[in-house]
Amino acid sequence: MLRGNESSWKLETQCVEKLLHRLKDEKNLIIAEVVHDDCGAVDVILWRMNIDSQKCMWHKAKTLVKRLREAVRGTKTVKPAAVVACEHVREVKCFTNKELELWLESKCVHVAGVSTRKKDELVEIVWGVLFPDEAGKALRDDVVEIDALQTSHCNAAEEAKEWLYGACRLRERAKDDDGDVLATHVQHLADHWAGDHSCCDKELSNLCKAAGGPDRDPLYEAGGRVHLAVARCLQQFSSNTKMECYTRARMTFNNECFHSVINKYATKVV
Ligand SMILES: [Zn+2]
Ligand SMILES: [Zn+2]
């Protein structure tokens, strides 16, 4: 099934609400818990219906790869002296939220709830002010961003996803819901890619093998700019508190949200 250009998150909220009501009211099903991405709108529906929620692994993997791409690309992009000098979206992203906020103010663009906006939203607004022709349109995928990770290895994005899933499965098998162990395992990927396999011990040896093994050439120099950027990114987005939501106790490692199912079975036409 193809669904044209409509974003799946617009469909998600309506579909989830309809589906849940049908399951509850027509089929008399008791629903204790639903897996979803960090979607605030869906959270509200669930909360109203008194249903617990878990986070979706598919989305976690997808976001992690996106963040890794940004981090690696960041090592190749030079921040322009001023916002107005930006010619690429990736350059706008070099500025902090605060800097973008101040720049928007200087242009008399007032954005509601600016301090709670996500970076991507701010970048989109700034981009629309810089290039009014593109205002309101979704940001085009930045080719450099897509390539950033794969320039080090063509399979790096896939490896990152597999590593994350693999680390979660290890916790499941160990019947251990310790978020700290999981976070540490995920973060070892930065060293593995740098050719330092001292942490790819017994437990992680299969993950190591699946991601090129110890004999493959390092993807980047150990201790270099890219290594530090990848390590910092993993620390931030696979922190102990974040990984707590993906341990065995909650079984999330294997669960996927409605949104990911829409994406798999109703692929967007690109
Ligand atoms: Zn999801
Ligand atoms: Zn390794």
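**Regarding helix H9 (residues 179-187)**
An α-helical turn contains 3.6 residues, so any two residues separated by three or four positions project in the same direction. Every buried residue belonging to H9 is among Gly 179, Leu 182, Ala 183, His 185 and Val 186, and all of these are buried. The buried residues of H9 occupy an angular sector of 165° when the element is viewed end-on, so they sit on one face. Where H9 is buried, its residues meet helix H8 (156-173), helix H10 (189-193), helix H12 (225-237) and helix H13 (240-243).

**Quick look at the side chain of Glu 91**
Within the secondary structure, Glu 91 sits in helix H4 (residues 89-92). The side chain of Glu 91 sits in the buried core without any salt bridge; Arg 90 is the nearest counter-charge, 5.4 Å away. What Glu 91 contacts, discounting residues up to four positions off in sequence, is Thr 77, Val 78, Pro 80, Ala 85 and Cys 86.

**Concerning the pattern of salt bridges**
According to the stated counting rule, one finds 10 salt bridges in the structure shown. Close ionic contact of Glu 70 with Lys 93 constitutes a salt bridge, the shortest N to O distance being 3.8 Å. With Glu 70 in helix H3 (residues 57-74) and Lys 93 in the loop between H4 and helix H5 (97-106), the pair connects residues that are 23 residues apart, well separated along the chain. Of the two residues, Glu 70 and Lys 93, neither departs from the other in class, the shared state being buried. Put simply, Lys 98 and Glu 101 hold a salt bridge, and the shortest N to O gap is 3.5 Å. Of the two residues, Lys 98 and Glu 101 both sit in helix H5, 3 residues apart, roughly one turn of that helix. For Glu 101, a relative accessible area of 13% translates into the label buried. One salt-bridge network, held together by shared partners, links Arg 67, Glu 70 and Lys 93.

Calculation notes
Residues numbered from 1 in each chain as written. Chains lettered and ligands numbered in written order. Predicted model: local features only at pLDDT ≥ 70, side-chain atom pairs only at ≥ 80, totals over all residues. Heavy atoms only, no water. Buried < 20%, exposed > 50% of the residue type's maximum accessible area, 1.4 Å probe, protein only. Helix = DSSP H or I, 4+ residues; strand = E, 2+ residues; numbered from the N terminus. Arc of directions from axis to C-beta. Contact = heavy atoms within 4.5 Å. Lys, Arg positive; Asp, Glu negative; His and termini not counted. Salt bridge = Lys/Arg side-chain N within 4 Å of Asp/Glu carboxyl O.

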